[in-house]
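Chain residues, written in single-letter form:
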Amino acid sequence: MIIKLEPINDNNRDAVVALSVREDQPFVATNDYSLREAAEANAKAPGTARPFAICAGEKIVGFCMLALDPEDENPVDRYCLWRFMIDKSEQGKGYGQAALHEIIKYFKENGVDTIYLSTAPENEVGLHVYHKVGFKETGEIEDGEAIFVLKL
Ligand SMILES: CC(C)(COP(=O)(O)OP(=O)(O)OC[C@H]1O[C@@H](n2cnc3c(N)ncnc32)[C@H](O)[C@@H]1OP(=O)(O)O)[C@@H](O)C(=O)NCCC(=O)NCCS
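If you're wondering where the values come from, they're calculated on a predicted model, not measured in any experiment.

Enquirer: How would you summarise the nonpolar core if you had to cite specific residues and measurements?
Expert: Counting residues in hydrophobic clusters, the biggest one holds 38 residues, and the most contacted among them are Ala-53, Ile-54, Cys-64, Leu-66, Cys-80, Leu-81 and Leu-117. Elements supplying a minimum of two residues to this core: helix H2 (31–44), strand E2 (49–56), strand E3 (59–68), strand E4 (79–86), helix H4 (95–109), strand E5 (114–119) and strand E7 (145–151). At 8 residues, E3 tops the list of elements feeding residues into this core. When sequence neighbours within four positions are dropped, the list of residues in contact with Leu-81 reads Cys-64, Leu-66, Ile-103, Ile-115 and Leu-117.

Enquirer: Outline unusual backbone geometry, listing residues and values.
Expert: Notably, Asp-143 is not glycine yet its phi reads approximately 50°, a positive angle. Looking at where Asp-143 falls in the secondary structure, it is placed in the loop between strand E6 (136–142) and E7. Judged by C-beta crowding, with 6 C-beta atoms within 10 Å, Asp-143 ranks as exposed.

Enquirer: Now, about H2: what can you tell me, with residues and values included?
Expert: Its 14 residues give H2 an end-to-end C-alpha distance of 20 Å, which sits within 8% of 20 Å, the value for a rise of 1.5 Å per residue. Among all positions of H2, only Asn-31, Ser-34, Leu-35 and Ala-38 are buried. Considered in projection along H2, the buried side chains sweep an arc of 100° and stay on one side of the axis. Within H2, the exposed residues directed more than 90 degrees away from the buried face are Tyr-33, Arg-36, Ala-39, Glu-40, Ala-43 and Lys-44. In this structure, the buried side of H2 is in contact with helix H1 (13–17), E2, E3 and E4.

Enquirer: An account of the pairing of E6 is requested, with residue identities and associated values reported.
Expert: With 4 bridges joining them, E6 and E7 adopt antiparallel strand pairing. By the bridge assignment, Glu-142 is partnered in E7 with Glu-145. In textbook terms, the turn of a hairpin is the stretch between consecutive antiparallel strands, and for E6 and E7 this stretch comprises 2 residues, one of which, Asp-143, has a positive phi near 50°.

Each value, and the rule that gives it
Throughout, residues of each chain are indexed from 1 in the direction in which the sequence is written. The predicted nature of this model means local features are confined to residues of pLDDT at least 70 and side-chain atom pairs, given and counted, to a pLDDT of 80 or more, with totals for whole chains, interfaces and linings taken over all residues. Only buried residues count toward a nonpolar core: Ala, Val, Leu, Ile, Met, Phe, Trp, Tyr and Cys, linked into one set through C-beta atoms within 7 Å. Three exposure classes are used, based on other C-beta atoms lying within 10 Å of a residue's own C-beta, which is placed from the backbone: buried for 20 or more, exposed for 12 or fewer, and partly exposed in between. Only runs of H or I of at least four residues qualify as helices and only runs of E of at least two qualify as strands under DSSP, and these elements are numbered from the N terminus. Contact criterion: two residues are in contact if their C-beta atoms, reconstructed from the backbone, are within 7 Å. An expected span of 1.5 Å times one less than the residue number is assigned to each helix. Directions from the helix axis toward the C-beta atoms define the arc. One bridge is not enough; two strands pair if DSSP finds at least two bridges between them.

Spelled out as structure tokens, the structure:
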């Protein structure tokens, strides 16, 4: 399966903002909110928030936002998968796992050796796909979310 991460631009922004998850998946902010957060972070420290459309061929199926901020005081926030979602109509087709492999590749290509993420302990699908690509719980909980780490 060919999945690509396409930096957010004027051509894909509206399609990304239109993506959403199911009501029983309150695990991620809206993409509109995430893009506003990215703009704020990048106004303070350019390049620290990297938002991408997740594309399966020509189709935009999801969104992710990575943080690459070596100056962040919290080690968990320095290199992390900040946001990650696949549209409700496109879930369960393997796109999420394929996107995670691309995300890991992106961090590796940028010289990162440890990635973090956090998710709600009841996010069963999230836990399943994160474990499957190699993330492990650190045992820490921050703001009610379990922290996961992957050493590259
Ligand atoms: C998490 C998410 C990105 C996964 O994307 P996806 O495209 O549906 O994932 P995939 O199709 O690659 O894989 C889904 C896997 O979950 C499994 N799964 C489905 N329902 C499950 C459940 N209730 N419990 C455990 N695993 C489940 C599937 O069997 C599949 O695993 P398999 O390939 O080993 O059979 C997507 O569900 C999503 O956007 N969720 C809402 C937002 C979210 O939680 N984001 C993460 C916040 S940290």
